[in-house]
Amino acid sequence: DVVMTQSPLSLPVTLGQPASISCRSSQSLVHSDGNTYLNWFQQRPGQSPRRLIYKVSNRDSGVPDRFSGSGSGTDFTLKISRVEAEDVGVYYCMQGTPGGMYTFGQGTKLEIK
Amino acid sequence: QVQLVQSGAEVKKPGASVKVSCKASGYTFTSYYMHWVRQAPGQGLEWMGIINPSGGSTSYAQKFQGRVTMTRDTSTSTVYMELSSLRSEDTAVYYCARAMGDYWGQGTLVTVSS
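Computed from a predicted structure; not experimentally measured.

Chemist: So what exactly am I meant to see when it comes to the overall build of chain B here?
Modeler: Scanning chain B for helices and strands turns up 0 helices and 11 strands. The N-to-C order of helical and strand elements in chain B reads β-β-β-β-β-β-β-β-β-β-β. The C-alpha atoms of chain B give a radius of gyration of 13 Å, which matches the 13 Å a tight globule of 114 residues would have. Counting across all 114 residues of chain B, residues that qualify as buried make up 47%. Sequence-distant contacts, at least 24 apart, represent 51% of the contacts inside chain B between residues at least 6 apart.

Chemist: I tried to follow the sheet that holds strand β7 (residues 68-73) of chain B on my own but got confused; where do I start?
Modeler: Adjacent strands of a sheet pair through backbone hydrogen bonds, lying either parallel or antiparallel. All names here are of chain B. Pairing within the open sheet is antiparallel, and its 4 strands lie in the order β1-β3-β8-β7. On the outer flanks of this sheet lie β1 (3-6) and β7, each paired with one strand and no other. Averaged over all pairs of adjacent strands, the angle between their axes in this sheet comes to 20°, without regard to strand direction. Of the pairings in the sheet, the one linking β1 to strand β3 (residues 18-25) comprises 4 bridges and is antiparallel in character. Along β3, the bridge assignment pairs V5 with K23.

Chemist: Which parts of the structure should I look at to understand the state of the cysteines?
Modeler: Each disulfide is one covalent bond, formed between the sulfur atoms of two cysteines. For the coordinates displayed, the defined rule picks out 2 disulfides over all chains. With its sulfur 2.1 Å from that of its partner, C23(A) forms a disulfide with C93(A). Taking the torsion about the S-S bond as the criterion, the C23(A) to C93(A) disulfide, at about 75°, is right-handed. You can see C23(A) sitting in strand β3 (residues 19-25) and its partner C93(A) sitting in strand β9 (residues 89-96), a full 70 residues away along the chain. Here C23(A) and C93(A) have matching classes, each one buried. In this model C22(B) forms its disulfide with C96(B); the gap between the sulfur atoms is 2.1 Å. One quick way to see it: the torsion about the S-S bond of C22(B) and C96(B) is about 75°, and its sign makes the bridge right-handed. Here C22(B) is found in strand β3, whereas its partner C96(B) is found in strand β9 (residues 92-98), with 74 residues between them in sequence. Each member of the pair C22(B) and C96(B) is classed as buried.

Chemist: How should I be thinking about the sheet that holds strand β7 (residues 67-72) of chain A in this particular structure?
Modeler: All names here are of chain A. Reading across from one edge, β1-β3-β8-β7 is the order of the 4 strands in this open sheet, with antiparallel pairing throughout. The open sheet has two free edges, formed respectively by β1 (4-7) and β7, since each of these has just one partner strand. Each adjacent strand pair in this sheet contributes to an overall mean axis angle of 20°, direction not counted. Note that β3 and strand β8 (residues 75-80) share 6 bridges and pair antiparallel. Each residue of the ladder has a partner; that of S22, found in β8, is T77.

Chemist: It is not clear to me how the nonpolar core should be interpreted in this structure. Could you clarify?
Modeler: Nonpolar side chains in soluble globular proteins tend to be buried together. Within the largest apolar cluster, 40 residues are counted, with the highest numbers of intra-cluster contacts made by F104(A), M34(B), W36(B), M48(B), M81(B) and L83(B). Setting aside residues up to four positions removed in sequence, M81(B) forms contacts with V18(B), K19(B), V20(B), W36(B), M48(B), V68(B), T69(B), M70(B) and Y94(B). If you look at the next biggest cluster of nonpolar residues, it comprises 22 residues, including M4(A), A19(A), F67(A) and F76(A).

Chemist: Any chance you could explain the side chain of S21(B) here in plain terms?
Modeler: Residue and element names in this part refer to chain B. Tracing the backbone shows S21 in strand β3. Accessibility expressed as a relative area gives 19% for S21, which makes it buried. Ignoring sequence-local partners within four residues, the contact set of S21 consists of V5, Q6, S7, W36, T78, V79 and Y80.

Chemist: What am I meant to see in unusual backbone geometry here?
Modeler: What is expected of a backbone is that most residues other than glycine have negative phi and most peptide bonds are trans. With an omega of -10°, the peptide bond running from S7(A) to P8(A) counts as cis. Although it is not a glycine, S77(B) sits at a positive phi angle of roughly 55°. Mapped onto the elements of the fold, S77(B) is located in the loop between β7 and β8 (78-83). Among the residues examined, S77(B) registers a relative accessible area of 19% and is labelled buried.

Chemist: What should I look at first to understand the interface of chain A and chain B in this one?
Modeler: It is common to report an interface's size as the accessible area lost on association of the parts. With 17 residues of chain A in contact, the opposing surface of chain B contributes 21 residues. Interface area for chain A against chain B, summed over the two sides, is near 1600 Å², with a carbon-plus-sulfur share of 64%. Where chain A touches chain B, the interface holds 6 residue pairs in polar contact (both at pLDDT 80 or more). Contributions of two or more residues to the side of chain A that touches chain B are made by β4 (38-43), β9 and β10 (102-104) of chain A. Of the residues contributing to the side of chain A that touches chain B, the split by class is 8 nonpolar, 8 polar and 1 charged.

Rules behind the numbers
- Residues numbered from 1 in each chain as written.
- Chains lettered and ligands numbered in written order.
- Predicted model: local features only at pLDDT ≥ 70, side-chain atom pairs only at ≥ 80, totals over all residues.
- Heavy atoms only, no water.
- Helix = DSSP H or I, 4+ residues; strand = E, 2+ residues; numbered from the N terminus.
- Rg over C-alpha atoms; globule rule 2.2 N^0.38 Å.
- Buried < 20%, exposed > 50% of the residue type's maximum accessible area, 1.4 Å probe, protein only.
- Contact = heavy atoms within 4.5 Å.
- Pairing = 2+ DSSP bridges.
- Axes fitted to C-alpha atoms, helices over the stretch in contact; angles between N-to-C directions.
- Disulfide = S-S within 2.5 Å.
- Core = buried A, V, L, I, M, F, W, Y, C linked by side-chain atoms within 4.5 Å.
- Buried area = accessible area lost by both parts, 1.4 Å probe.
- Polar contact = N/O pair within 3.5 Å; in protein donor to acceptor, adjacent residues only side chain to side chain.
- Nonpolar A, V, L, I, M, F, W, Y, C, P; charged D, E, K, R; others polar.

These results come straight from atomic positions and should not be treated as a statement about function.
As C-alpha cells, this is what we get:
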C-alpha cells in the first residue's frame, strides 16, 4: 500500500503569514495515464472535509487563490500565501487512482499563533 | 446542486452490523464513483473503499476486507455501506464522498457500545 506522510503534524501560524504543508508518498504517484492523483482537503472543526486541490495543483471552485498546490513524483506541498482565521482546521493529502486504492496522510493541524 | 444525504446516527452492540446509506442527487448517479471514509473521535481520515454505481464493482481497503460490503440502488440513487462484526474501535463518523472527494455527505456517527 502507498503510505502518505505529512509534515509538520502541527502548524502554528501568525495571521497574514504564509504556511506550507509537505506530503510525501512511499512510491511515485504518477499514474500510467500520465496524471498524478494527489488531492488536498481541509477539515474545519465540526465539518465534513472539503476538497481544496485536485491532481496536485488544480484549485476547486470557490477555493481562495491564496491556496496553491505543487509537487511531483513523491513530494507534494500545499501552500497558503497569507493565513486567515477561517483557515484553522486540519489539512489532509490523499492519493489514489480512479477505482483503485486510496490513502490519506495523517493530517496537519493548522492553528493561529 | 449536488447533494449527498446520509442516514442518521446509529448505536450498535459489539458483534452487530450497521448499514449506512448515502442518497445522491443533483447529478447523474452512475457517472461517478463513491467512496466511504471514516473518522474515529479525534483521529484522521481513513479510506474504507469505493463503489462504482454504474456496474456495482467495489474495491475495499485491506483492513476492512471481509467485514465491509458496499452496494448501490440505482433506482433511488443511493449507496450503502455495511460493516459487520462491530467492535468498539469502529466507533466513528462515516462519510460518503463522490469521485475524488469533490462532494461529501454530512457524516453518520456510528457508536459501538455494550
